[in-house]
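One letter stands for each residue in the lines below.
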Amino acid sequence: MSLFEKYPVSITNSLSGKKEVFTPLKSPFVGLYSCGPTVYNEVHLGNLRTFTAFDVVYRYLTHIGYKVRYVRNITDAGHLTNDAGEGVDRIEESARLEQLEPMEIVQKYTFSFHEVCRIFNILPPTIEPTATGHIVEQIEMVKKILANGYAYEVNGSVYFDVRKFMEKYKYGELSGRNIDDLLEGTRELDRQDEKRNAVDFAIWKAVSPNHIQRWPSPWGEGIPGWHLECSAMGTKYLGEQFDIHGGGMDLKFPHHECEIAQSIGAYGKTPVRYWMHSNMLTVNGEKMSKSKGNSFLPRELFTGTHPLLSKAYSPMAVRFFMLQSHYSSTLDFSNEALQAAEKGYKKLSNALSTLKKLDHPGVSGKQDEELLKLIDEAYRNMSDDFNTAKTLAVLFEMSSRINDIKSGNYKLTDLDSDTFQKFKSAYVTFMEDVLGLQEEGSQNHEVLDGVIRVMIELRKKARTDRNYTLSDKIRDDLKALGVQLMDGKDGEISYTIE
RNA sequence: GGUCUCGUGGCCGAGUGGCUAGGCUGAGCUCUGCAAAAGCUCCUACAGCGGUUCGAAUCCGCUCGAGACCUCCA
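Residues numbered from 1 in each chain as written. Chains lettered and ligands numbered in written order. Predicted model: local features only at pLDDT ≥ 70, side-chain atom pairs only at ≥ 80, totals over all residues. Heavy atoms only, no water.

Looking at the overall build of chain A
So, point 1. Within chain A one finds 17 helices and 15 strands.
So, point 2. Across the 498 residues that make up chain A, the buried fraction comes to 51%.
So, point 3. Partitioning the contacts of chain A with sequence separation of at least 6, the portion at a separation of at least 24 is 74%.
So, point 4. Surface exposure of chain A reaches about 23,000 Å², of which carbon and sulfur atoms provide 51%.
So, point 5. Seen as two clouds, the 60 positive and the 69 negative side-chain charges of chain A have centres 4 Å apart. (Helix = DSSP H or I, 4+ residues; strand = E, 2+ residues; numbered from the N terminus. Buried < 20%, exposed > 50% of the residue type's maximum accessible area, 1.4 Å probe, protein only. Contact = heavy atoms within 4.5 Å. Areas by Shrake-Rupley, 256 points an atom, 1.4 Å probe, with all protein chains shown as cover. Lys, Arg positive; Asp, Glu negative; His and termini not counted. Charge placed at Lys NZ, Arg CZ, Asp CG, Glu CD.)

See the structure below:
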């Protein structure tokens, strides 16, 4: 029996608004798509929250035995900031601002995005398609939609005909929009628009002659509509219908709503069975966004240079901070909250390194139902709509048990070896593989480790000589450098690096 | 204006009809040469009002407050 059968996953489906048991179309295969970044700028912490949320979804589904194909796109084709064709193209704008080719902009920020992902331990997806690499697929999709009568061409642009679509299908189901209201509110603006109705959206857009990014199409030179790329690439790699599509809450409308309409318009079936939306990261209760100017860059965290921060925070502390809340709730970002998260993370991380060094003595004790129950709970919590907050609570329980073992309050000889192995493997797996919380510091510094060991030996000697002035000096000086020594009961000294 | 979400102890943040969330902070204790770490104990809340129920933070209604989407945004 596989883990996903033992702990069936339930997902809050944005489409129904309800928690539903997750059954993949072709178990054990799972198709997962999540909207990636538009690479015209550096990603900020709010963006990162969503990527982290779906990283955990991918990690957990994989861990419990599903074969996941995880597609996360890179939007590297520019789009006009509104569907009417006014506004600016972000990538072109950045290119002009930085005096670079659009391709250089896109390359630069794609690399930067990957670097940030690596730092935050966000795994690469199994496929990371780019919009510009799938122009052909997008043009083909536009052709299909035109052929099916759900789009019309005006002056080299192609628009999706929402009115026509609604004669046969529903539009607005995902976001709970009432189309009549939408039409009502925007009727005035329609006059000089190419669109038949305000709710129509571009699936192919003709661009002016001085626009740098452009591709030939049956309708003339232009760029694909923003919503189209996800539909085209999702279909190509995951099929006309697939299991999970995720993204930030702010993409629900119009982006995801349009995706649904396009796919139905092209293939006659609804593209996604489970829609997942992660909620916003807020600052003082307001959404973090570039346009509001309240966003934090990853770099500002590591260096502690942001005016709202009192110090620098490590990537893992930030990752822990995000996992402490459920993905569907807003999460408020503040210096205090980060400080608390840093300490909490350190506690779990310390227990992790302690546990890794522990081995069962081989003397057979008895089973411990409590420990086994904790493992079971961790799985139940994760299978319950990827509730990382509840899972972390269980890991804190476990870390207490680990510390009990370390301090001798709980003797390993009283525990049977099988239970211990299960417990150990569960804690390490949930921390590292499922939640992606790695140990920080200590490792990867062989020389430093050697040097600290030498200092520790000297301090031990000083202590046995009762030369506390010297032993305290060694400890205090190392502390000043960020190395914390801790005296164990058995006379052994361990250390952590800030 | 329309649609929707949320309001939990000093702070962050789970929970959704009866059972301890958890983390951080603060106070006390144990251990320790002193620290640190760890363990134990304490401070115990559900915006307000009304209703349903044997029983509600959890369901329903109203009031107040905050936010999101409706235009690019994860």
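Here's the deal with the sheet that holds strand β12 (residues 286-287)
So, point 1. The strand order β12-β11-β13 describes an open sheet built from 3 strands, whose pairing is mixed. At either end of the open sheet lies a strand with only one pairing partner, and these are β12 and β13 (331-333).
So, point 2. Bridging between strand β11 (residues 281-283) and β12 involves 2 bridges; their strand directions are antiparallel. The residue bridging Thr-282 from the neighbouring strand is Lys-287, located in β12.
So, point 3. Taken strand by strand, helix α11 (residues 315-323) contacts β11 and β13, and its axis lies near 145° from that of β13. (Pairing = 2+ DSSP bridges. Axes fitted to C-alpha atoms, helices over the stretch in contact; angles between N-to-C directions.)

Examining the confidence of the model for chain A
So, point 1. Scored by pLDDT, chain A has a mean of 91; 95% of the residues are at 70 or more.
So, point 2. For residues 187-191, every residue scores under 50 in pLDDT, and the model assigns this stretch 3 contacts once sequence neighbours within four places are set aside. (pLDDT = per-residue confidence, 0-100.)

Things to note about the environment of Leu-123
So, point 1. For Leu-123, the position within the fold is in the loop between α4 (102-119) and α5 (135-147).
So, point 2. For the pair formed by Leu-123 and Thr-419, sequence separation is 296 residues and the distance between their alpha carbons is 30 Å.
So, point 3. Dropping the residues within four chain positions of it, Leu-123 is found in contact with Asp-55, Tyr-58, Arg-59 and Arg-72.

What to know about the sheet that holds strand β4 (residues 67-72)
Within a sheet, adjacent strands bond to each other through the backbone by hydrogen bonds, running parallel or antiparallel.
So, point 1. With parallel pairing, 4 strands are arranged side by side in an open sheet as β4-β3-β9-β10. Looking at strand neighbours, the two that pair on one side only are β4 and β10 (272-278), the edges of this open sheet. Each adjacent strand pair in this sheet contributes to an overall mean axis angle of 20°, direction not counted.
So, point 2. With 6 bridges joining them, strand β9 (residues 242-248) and β10 adopt parallel strand pairing. Bridging from a neighbouring strand, His-245 pairs with Trp-275 of β10.
So, point 3. Set on the sheet, helix α8 (residues 226-238) makes contact with β3 (29-34), β4 and β9; between it and β3 the angle comes to about 165°.
So, point 4. Running at roughly 160° to β9, helix α9 (residues 252-267) makes contact with β9 and β10 of the sheet.

Focus: the packing of helix α14 (residues 388-407) against helix α15 (residues 417-434)
So, point 1. Remark: α14 packs on α15, axes separated minimally by 11 Å, with the N-to-C direction vectors making an angle of 135°. Comparing the axis directions of α14 and α15 gives the class oblique. Once α14 is placed against α15, the crossing between them reads as left-handed. Contacts between α14 and α15 involve Thr-391, Leu-395, Met-398, Ser-399, Arg-401 and Ile-402 from the former and Phe-423, Ala-426, Tyr-427, Phe-430 and Met-431 from the latter.
So, point 2. Partitioned by chemical class, the residues of the contact of α14 with α15 number 8 nonpolar, 2 polar and 1 charged. (Parallel < 35°, antiparallel > 145°, perpendicular 65-115°, else oblique. Left-handed = near helix turned anticlockwise from the far one by under 90°. Nonpolar A, V, L, I, M, F, W, Y, C, P; charged D, E, K, R; others polar.)

What about the side chain of Arg-459?
So, point 1. Examined against the element boundaries, Arg-459 turns out to sit in helix α16 (residues 446-464).
So, point 2. Since its relative accessible area comes to 1%, Arg-459 is described here as buried.
So, point 3. Arg-459 has contacts with Ser-471, Asp-472, Ile-474, Arg-475, Leu-485, Asp-487 and Ile-493, leaving out every residue within four places of it along the chain.

Brief notes about the protein's contact with RNA strand B
So, point 1. Inspection of the region around RNA strand B gives 59 residues, with Arg-90, Trp-226, Gly-248, Leu-251 and Met-288 positioned closest.
So, point 2. The share of sugar and phosphate among atoms of RNA strand B within 4 Å of the protein is 65%.
So, point 3. Contacts to RNA strand B include Lys-343, whose side-chain N or O atom sits 2.5 Å from a phosphate oxygen.
So, point 4. Within the side chain of Arg-463, an N or O atom sits 3.3 Å from a base nitrogen of RNA strand B.
So, point 5. Tallying contributions element by element places α14 first for the surface near RNA strand B, with 7 residues.
So, point 6. Considering only residue class, the surface near RNA strand B consists of 16 nonpolar, 24 polar and 19 charged. (Near = heavy atom within 4 Å. Polar contact = N/O pair within 3.5 Å; in protein donor to acceptor, adjacent residues only side chain to side chain.)

Structural notes on unusual backbone geometry
So, point 1. Between Ser-27 and Pro-28 the backbone carries a cis peptide bond, its omega angle lying at 5°.
So, point 2. Relative to the helices and strands, Pro-28 resides in the loop between β2 (18-21) and β3.
So, point 3. Phe-253 connects to Pro-254 through a cis peptide bond whose omega is 5°.
So, point 4. Within the secondary structure layout, Pro-254 lies in helix α9.
So, point 5. With a phi close to 50°, Asn-155 is a non-glycine residue in the positive phi region.
So, point 6. In this structure, Asn-155 sits in the loop between β5 (151-154) and β6 (157-160).
So, point 7. Even without being a glycine, Phe-386 presents a positive backbone phi close to 55°.

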